[in-house]
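For reference, the chains in residue letters:
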Amino acid sequence: MSTDTPGIDPLRALRAPRDPACDVFLTGPVFLDIIFTGLDSAPVRGTESWARGMGSSPGGVANMATALARLGLHTSLAAAFGDDHYGEYCWDALEQGEGIDLSMSHTVPGWHSPVTVSMAYEGERTMISHGHEAPPPTGTSSGAGVPAGTPVQAAPAPAFPHCPPRARAAIASLTPGRGEPWVATAARNGALIFADVGWDETGRWDLDALPDLAHCEAFLPNAEEAMRYTRTDCPRAAAHALAERVPLAVVTLGAEGAYAVDGRTGAAAAVPAIEVEALDPTGAGDVFVAGFVTGTLADWPLADRLAFAGLTAALSVQEFGGSLSAPGWAEIAAWWQLIRTCAGQEPAALERYAFLDDLLPTTARAWPLRRAVPTIGFRQ
């Protein structure tokens, strides 16, 4: 777990007695991630490669959940966990290590945890994953008594989760041609829905094939996805086109930063990326979304939300692993203290992050910070 700066609650000024206990709800598969870093090149067939670094951590939707929790948001996760040691490790790391509410999660007897091995080199990553879809928590097939590793053919059952908790926000991953009933329920209960989307394997790139987009407060595709969905050849034009469909359209531009349009007011904001030496990009997109959700719930100006999201993503790629690399307020405070003392900083660039002064303590521990030991097996 990232050592946090105590007492920082980005929503403190907005909290009221009748507010929901949950700030952000999300659901999805949890993987055990095993990450190898320090590879000089891609593995070559028939040879053995040695990595200079390795880490293990909960992955999949756990990347996003961890990023949100480390930014001080009360986070609830509904997920299936295997009843193997990997599942026990992931559950403990999320609940005890990160303080994530797992009351809507469940352990599936006889089902093994999905696993992803990620290899980071040359600023990119290659991943190999294995797993079987978890049976639903209700229905005729529960997975009980099935040997670990055996694919389970579950009987049809209502979508999981059936009743998401009342929350300020919820995060969904949109899939072409499929809607998730819980998204509409969460929106009706007052949650702001933030959504990303994956590559459209059908090749249709049809916004009308994303039924849950109608419930979204914000849609956050990358530049290529945004342009394909809007039939435009410019990410900024794509953002404006998407803002006709959702209140907030945010297009991530990789090394170029991000661009956002408020569909309600027509206001737009662009923030360049922070130049860093990237060790592992795993989970950077999840961290960006978590930062943007935090700023939105805290009611910051649009440009501040983009800047904060980009900063958290930039800090994350300097460490390996998805959830391992998600920064907390301690990392953010240390970075801000360091950057203001470095010679040659552009005043305009520093001004872009001046809003951090109202959030962070006046003193912070020195940068870089030591991370927790990222492996399975050591006992505290």
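Structure: above.
Residues numbered from 1 in each chain as written. Predicted model: local features only at pLDDT ≥ 70, side-chain atom pairs only at ≥ 80, totals over all residues. Heavy atoms only, no water.

1. Structural notes on the overall build of the protein
For clarity, the cut-off: A run of H or I in DSSP counts as a helix once it spans at least four residues, and a run of E counts as a strand once it spans at least two, with each numbered from the N terminus. Three exposure classes are used, based on accessible area relative to the maximum for each residue type with a 1.4 Å probe and protein chains only: buried under 20%, partly exposed in between, and exposed over 50%. Note on contacts: a residue pair qualifies if any of its non-hydrogen atoms lie within 4.5 Å across the two residues. Here the accessible surface of atoms and residues is derived via Shrake-Rupley with a 1.4 Å probe, and residues count as covered only by protein chains that are part of the display.
Helix and strand counts for the protein stand at nine helices and 14 strands. Of all 380 residues assigned to the protein, the portion counted as buried reaches 49%. Pairs at least 24 apart in sequence give 67% of the contacts found in the protein among residues at least 6 apart. Approximately 18000 Å² of the protein is accessible, and the part contributed by carbon and sulfur atoms is 53%.

2. A closer look at unusual backbone geometry
Its identity is not glycine, yet tryptophan 205 carries a phi of approximately 50 degrees, on the positive side. Topologically, tryptophan 205 is positioned in the loop between strand 10 (192-197) and strand 11 (216-219). Unusually for a residue other than glycine, arginine 231 sits at a positive phi of about 55 degrees. Tracing the sequence through the fold places arginine 231 in the loop between helix 4 (223-230) and helix 5 (235-242).

3. Some thoughts on the sheet that holds strand 1 (residues 22-27)
The condition that has to hold: The pairing criterion is simple: DSSP has to find at least two bridges between the two strands. Every axis in this analysis is a line fitted to C-alpha atoms, fitted for helices over the stretch in contact. Angles between the N-to-C directions lie between 0 and 180 degrees.
Ordered by their spatial adjacency, eight strands build an open sheet running 4-1-9-10-11-12-13-14, and the pairing between neighbours is mixed. Strands with a single pairing partner mark the edges of an open sheet, and in this sheet they are strand 4 (75-78) and strand 14 (268-271). Averaged over all pairs of adjacent strands, the angle between strand axes in this sheet comes to 20 degrees, irrespective of strand direction.

4. Section: the side chain of aspartate 262
Note the following rule: In this count, Lys and Arg are taken as positive residues and Asp and Glu as negative ones, while His and the chain termini are left out. Note on definitions: salt bridges are taken to be side-chain nitrogens of Lys or Arg within 4 Å of carboxyl oxygens of Asp or Glu. Nitrogen and oxygen atoms within 3.5 Å of one another constitute a polar contact, given that in protein one can donate a hydrogen and the other can accept it, and given that sequence-neighbouring residues count only through two side-chain atoms.
Tracing the sequence through the fold places aspartate 262 in strand 13 (residues 258-262). Buried charged residue aspartate 262 carries no salt bridge. Nearest counter-charge: arginine 264, at 5.0 Å. One polar contact links the side chain of aspartate 262 to the main-chain amide nitrogen of arginine 264, over a distance of 2.8 Å. Not counting chain neighbours up to four residues away, the residues in contact with aspartate 262 comprise Pro247, Leu248, Ala267 and Leu302.

5. Some remarks on the pattern of salt bridges
Under the defined criterion, the tally for this structure stands at 13 salt bridges. For the salt bridge of arginine 178 with glutamate 180, the shortest nitrogen-to-oxygen distance reads 3.3 Å. Here arginine 204 makes a salt bridge to aspartate 206, at a shortest N to O gap of 3.2 Å. Salt bridges sharing partners connect three or more residues here, namely Asp9, Arg15, Asp19, Asp23 and Arg168.

6. A few points about the packing of aromatic side chains
The condition is simple: Pairing of aromatic rings covers Phe, Tyr and Trp, the last through its six-membered ring, and needs centres within 6.5 Å; plane angles under 30 degrees mean stacked, over 60 mean edge-to-face, and all others mean tilted.
For the structure shown, the criterion picks out nine aromatic pairs. Judged by centre distance (4.8 Å) and plane angle (80 degrees), the rings of tryptophan 199 and tryptophan 205 are edge-to-face. Here the aromatic residues Trp300, Phe308, Trp329 and Phe355 are joined through ring pairs into a cluster of three or more.

7. Regarding the sheet that holds strand 7 (residues 115-121)
The sheet built from four strands is open, its strands ordered 3-2-7-8 with mixed pairing. Strands with a single pairing partner mark the edges of an open sheet, and in this sheet they are strand 3 (53-60) and strand 8 (124-130). On average, adjacent strands in this sheet sit at an angle of 20 degrees to one another, irrespective of strand direction. Examined bridge by bridge, strand 2 (residues 30-37) and strand 7 share five bridges and lie parallel to one another. Note on strand 7: the bridge partner recorded for leucine 32 is valine 115. Relative to the sheet, helix 2 (residues 85-97) contacts strand 2, strand 3 and strand 7, its axis offset from that of strand 3 by approximately 80 degrees.

8. Considering the pairing of strand 12 (residues 248-252)
Most of strand 12 is tucked away: four of the five residues are buried. Pairing of strand 11 with strand 12, which is carried by two bridges, proceeds in the parallel orientation. Note that in strand 12 the partner of phenylalanine 219 across the bridge is alanine 249. As paired elements, strand 12 and strand 13 share five bridges and run antiparallel to each other. Across the sheet, the residue bridging to alanine 249 is valine 261, located in strand 13. If you look at the hairpin formed by strand 12 and strand 13, you'll find five residues sitting between the two strands, and glycine 254 has a positive phi there, around 65 degrees.

Purely geometric stuff here, so don't read any function into it on its own.
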